[in-house]
Amino acid sequence: MALKTSKTDLLIIGAGPAGLMAACWAGQYNLSSRIIDEKPQRTETGHADGIHSRTLEIFDSFGMADPILRRGVDEVEMSYWGVNQSSKKLECQQRMRSQPPGLSRFGQVLLNQGQVEQVMIDYINSQGKVTVERQKRAEKIYFNEIEDATHPVTVEVTGQRRDKMVQVIQDGEANKSGDATMTEIIQAKYVVACDGAKSLVREQLGVNLSSKSTDSMWGVIDIVPITDFPDIRQSCAIHSDKYGSVMTAPRENKLVRFYIQLNGDTELDKKVMEQNDESPRALIEIVRKIMQPYSLDYEYCDWYSVYPIKQGLVDDYQVRHRVFLAGDAAHTHSPKAGQGMNVSIQDTYNLVWKLGSVITGALDSSILSTYHTERHPVAEELMKMDARLVEAYERTGGEISEVSKVREGYAGFMSGVEVTYPGSVLISKRNDEEESLTNIKPGKRLRTVPVVNQADCSTTELAGALPSNGAWRLLVFSGDLQQKEQVARLESFAKAFYTQRHLSRSRRGRETKVQQLIIEAILIHPGPRTAINLLELPEIFHPFNDRLGWDYGKVFVDGNEYEDNCGNAYSEYGIDKQKGCLVLCRPDQHVAWIGGIEEVSSLDGYFSGFHRVNMVN
């Protein structure tokens, strides 16, 4: 057995959606990182398939949304079918939008988890900093008790090493295939455990998992259906008083997913639970009974599974501020609301920019405690929603009004855009500037609006100026720059910015790999565009690079010269055009601080709580 020892700044265990998002973030920072997975390949079929609005926004911030939107199926409408008590016939009783309008510029998309993983893998490969290491299993994890150890977490990993040129002697015998088991000792500064519901990391480090299960069983199957059911290409909740409930979700390549409640007391239920060659046909026979008089058959089955309803939530998302649990390793629940992949991705999207900032020395490690305080409450709310949805399906027999009521009440949470993080060292709570603002709230992701680029007059989403590359963004709403006093206030802001202890030590250019605190100032003024010369504005809004020249991507107009849907940013956010304001966004696009244009020293004070200014060259 071969033995190898190595060190890394960040070790990611598990290459599912949460682990791959962690790797996407890690590639933005000047650090060493690795991602290992015991499986020989990515997810091929089945598993998660719902991608909600906030997750699409996150993908878009990395430039990964387009392939998902092209391959996926839009989920626009939800149909609720039940038996008419008078006619005793199955009919559509309610139709509603899958989510309320105005939550996000993205709706909901349905796509196989494996294809979502492939999009992230392609992105990671394009970065060229890390590759998913397959067939490597974390066998042990423990802490190095040496005081002041730089790499305090040790992970013992076993994997297959293949060498066709040399005949390997393993355990005293020739291995003709040339395969050898390799044990590697990886010493890491930090570990992100995305190793699933049966997490070895969670078990070995003794993290308590509070769990709750029911006796109910559900089956799930992906087929290309042959049917005369009229709403087969929509998401549906279908209930039969006699035969139970089924949920459907249209998918790519003409697939449709069916979630079927199993009672366990019929011959069909028993065939399903045996999970043999007859199980898929038995599942569809149950669906036929629920959907009658509509017909249903199939020739192609892509995947099926049977699972019990079980909830689990760890007490703490982190161990000694060095090992962090994410995704199914931290929380498990039913798939009824399509939250698993989304919340998992959002976990590591919240975490790894913080780890990157700490590892590279820009920010103090005290910020890492906010991972638990920000994400654990989200999981708690998820458990409540999931329990209510399960109850609506099981205790009320899947009554249409109860199911739709739960889904409608949690629409903002399910989409991910209503998640608001509590006050902390990273979320400053203020009241005076916030009172008049709408759709901007500390702790909540910044809602995007269309704006016009000052330099080329192109219309773009403001979110396009907030890509996930590790930079903080200070949005400067200057007010009307046709007024001399507003211009003077803006110039005073720029001068004050450069005199502050923390702000002046930030790197202000557009960087792709973060090594220290980066704050990009972005100006949004109410126009008109032609009244302003970009290069006459303070240089903070058009920084110069010897090789690339001026930056023309930091000044925007809240106007509608050519597009009718523009010119609403100030009104949408509730910002006074005479006063303006400053809005600071974290690297994950959540609002961190709000203040007046003159309050630059207060902004600097915000960073004093965690910026390691003495570490900056």
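The rules behind each value
- Residues numbered from 1 in each chain as written.
- Predicted model: local features only at pLDDT ≥ 70, side-chain atom pairs only at ≥ 80, totals over all residues.
- Heavy atoms only, no water.
- Helix = DSSP H or I, 4+ residues; strand = E, 2+ residues; numbered from the N terminus.
- Contact = heavy atoms within 4.5 Å.
- Lys, Arg positive; Asp, Glu negative; His and termini not counted.
- Charge placed at Lys NZ, Arg CZ, Asp CG, Glu CD.
- Axes fitted to C-alpha atoms, helices over the stretch in contact; angles between N-to-C directions.
- Parallel < 35°, antiparallel > 145°, perpendicular 65-115°, else oblique.
- Left-handed = near helix turned anticlockwise from the far one by under 90°.
- Nonpolar A, V, L, I, M, F, W, Y, C, P; charged D, E, K, R; others polar.
- Patch = residues over 30% accessible without salt bridge, like charges linked within 9 Å, V, L, I, M, F, W, Y side chains within 5 Å.
- Areas by Shrake-Rupley, 256 points an atom, 1.4 Å probe, with all protein chains shown as cover.
- Salt bridge = Lys/Arg side-chain N within 4 Å of Asp/Glu carboxyl O.
- Buried < 20%, exposed > 50% of the residue type's maximum accessible area, 1.4 Å probe, protein only.
- Arc of directions from axis to C-beta.
- Phe/Tyr/Trp six-rings, centres within 6.5 Å; stacked < 30°, edge-to-face > 60°.
- Pairing = 2+ DSSP bridges.
- Polar contact = N/O pair within 3.5 Å; in protein donor to acceptor, adjacent residues only side chain to side chain.
- Expected span 1.5 Å × (residues − 1).

### Description of the overall build of the protein chain
Here is step 1 of the chain: The helix and strand tally for the protein chain stands at 14 helices and 30 strands.
Here is step 2 of the chain: For the protein chain, the C-alpha atoms occupy an extent of roughly 80 × 75 × 40 Å along the three principal directions.
Here is step 3 of the chain: Sequence separation of at least 24 residues holds for 72% of the intrachain contacts in the protein chain that already meet a minimum separation of 6.
Here is step 4 of the chain: Of note, the protein chain has its 70 positive side-chain charges centred 2 Å away from the centre of its 83 negative side-chain charges.

### A word on the packing of helix α1 (residues 17-26) against helix α4 (residues 113-127)
Here is step 1 of the chain: Between α1 and α4, the least distance of the axes is 9 Å, while the angle of their chain directions is 20 degrees. Between α1 and α4, the crossing angle belongs to the class labelled roughly parallel. The interaxial crossing formed by α1 with α4 has left-handed handedness. Of the residues in α4, those in contact with P17, L20, M21, A23 and C24 of α1 are Q113, E117, M120, I121, Y123, I124 and Q127.
Here is step 2 of the chain: Residue classes in the contact of α1 with α4 are distributed as nine nonpolar, two polar and one charged.

### Remarks on a nonpolar patch on the surface
Here is step 1 of the chain: Nonpolar side chains collect at one region of the surface, where L535, F544, W550 and Y552 lie side by side and expose about 390 Å² of accessible area between them.
Here is step 2 of the chain: Here F544 shows up in strand β26 (residues 544-545).

### Brief notes about helix α14 (residues 600-608)
Here is step 1 of the chain: Those residues of α14 not exposed but buried are V600, L603, D604, Y606 and F607. The arc that holds the buried residues of α14, viewed along the axis, is 150 degrees, so those residues lie on one side.
Here is step 2 of the chain: At its buried positions, α14 is contacted by β24 (472-477), α12 (484-499), β25 (519-525), β29 (581-585) and β30 (591-595).

### Side note on the packing of aromatic side chains
Here is step 1 of the chain: On inspection of all chains with the given rule, the structure shows 25 aromatic pairs.
Here is step 2 of the chain: With a centroid separation of 6.1 Å and 75 degrees between ring planes, the pair formed by F62 and Y349 is classed as edge-to-face. Of this pair, F62 sits in the loop between α2 (53-61) and α3 (65-71) while Y349 is found in helix α8 (residues 340-359), placing the two residues 287 residues apart along the sequence.
Here is step 3 of the chain: Assessed through its relative accessible area of 8%, F62 is described here as buried.

### What about the packing of α2 against α8?
Axis angle and axis distance: for two packed helices, these are the angle between their axes and the distance between the axes, and together they describe the pair.
Here is step 1 of the chain: Remark: α2 packs on α8, axes separated minimally by 9 Å, with the N-to-C direction vectors making an angle of 45 degrees. Classified by the angle between their axes, α2 and α8 sit oblique to one another. Pair α2 / α8 crosses with left-handed handedness. In this structure, α2 uses R54, T55, I58, F59 and S61 to contact α8, whose residues at the interface are N342, I345, Q346 and Y349.

### So, the sheet that holds strand β23 (residues 459-461)
Here is step 1 of the chain: Strand order in the open sheet formed by seven strands is β23-β22-β28-β25-β24-β29-β30, with mixed pairing between adjacent strands. This sheet does not close on itself; its edge strands, each paired only once, are β23 and β30. Between one strand axis and the next, the sheet turns by 30 degrees as a mean value, whatever way the strands run.
Here is step 2 of the chain: Each of β24, β25 and β29 touches α12; the most contacted strand, β24, lies at about 155 degrees to it.

### Brief notes about the side chain of E117
Here is step 1 of the chain: Structurally, E117 can be placed in helix α4.
Here is step 2 of the chain: Despite its burial, E117 pairs with no opposite charge, the nearest such side chain being R134 at 5.5 Å.
Here is step 3 of the chain: In this structure the side chain of E117 is engaged in a polar contact, spanning 2.7 Å, whose partner is the side chain of Q113.
Here is step 4 of the chain: Among residues more than four places away in sequence, those in contact with E117 are A15, G16, P17, L20, R42 and T43.

### Topic: α8
Here is step 1 of the chain: Taking 1.5 Å per residue, 20 residues should reach 28 Å; α8 reaches 28 Å between its end C-alpha atoms and fits that length.
Here is step 2 of the chain: By the criterion of burial, α8 is predominantly enclosed, with 19 of the 20 residues buried.

### A word on the sheet that holds strand β7 (residues 108-110)
Here is step 1 of the chain: The strand order β3-β7-β4 describes an open sheet built from three strands, whose pairing is antiparallel. Each edge of the open sheet carries a strand with a single partner, namely β3 (50-51) and β4 (73-75).

### Thoughts on the pairing of strand β22 (residues 450-453)
Put simply, side chains in a regular strand alternate between the two faces of the sheet.
Here is step 1 of the chain: Where β22 lies against β23, three bridges are found, and the strand directions are antiparallel. Bridge assignment links P450 to a residue of β23, and that residue is E461.
Here is step 2 of the chain: Taking the residues between adjacent antiparallel strands as the criterion, β22 and β23 are bridged by five residues, where C457 takes a positive phi near 70 degrees.
Here is step 3 of the chain: Strand direction decides the pairing type here: β22 and strand β28 (residues 555-557), joined by two bridges, are antiparallel. Following the sheet pairing, N453 is matched in β28 by F556.

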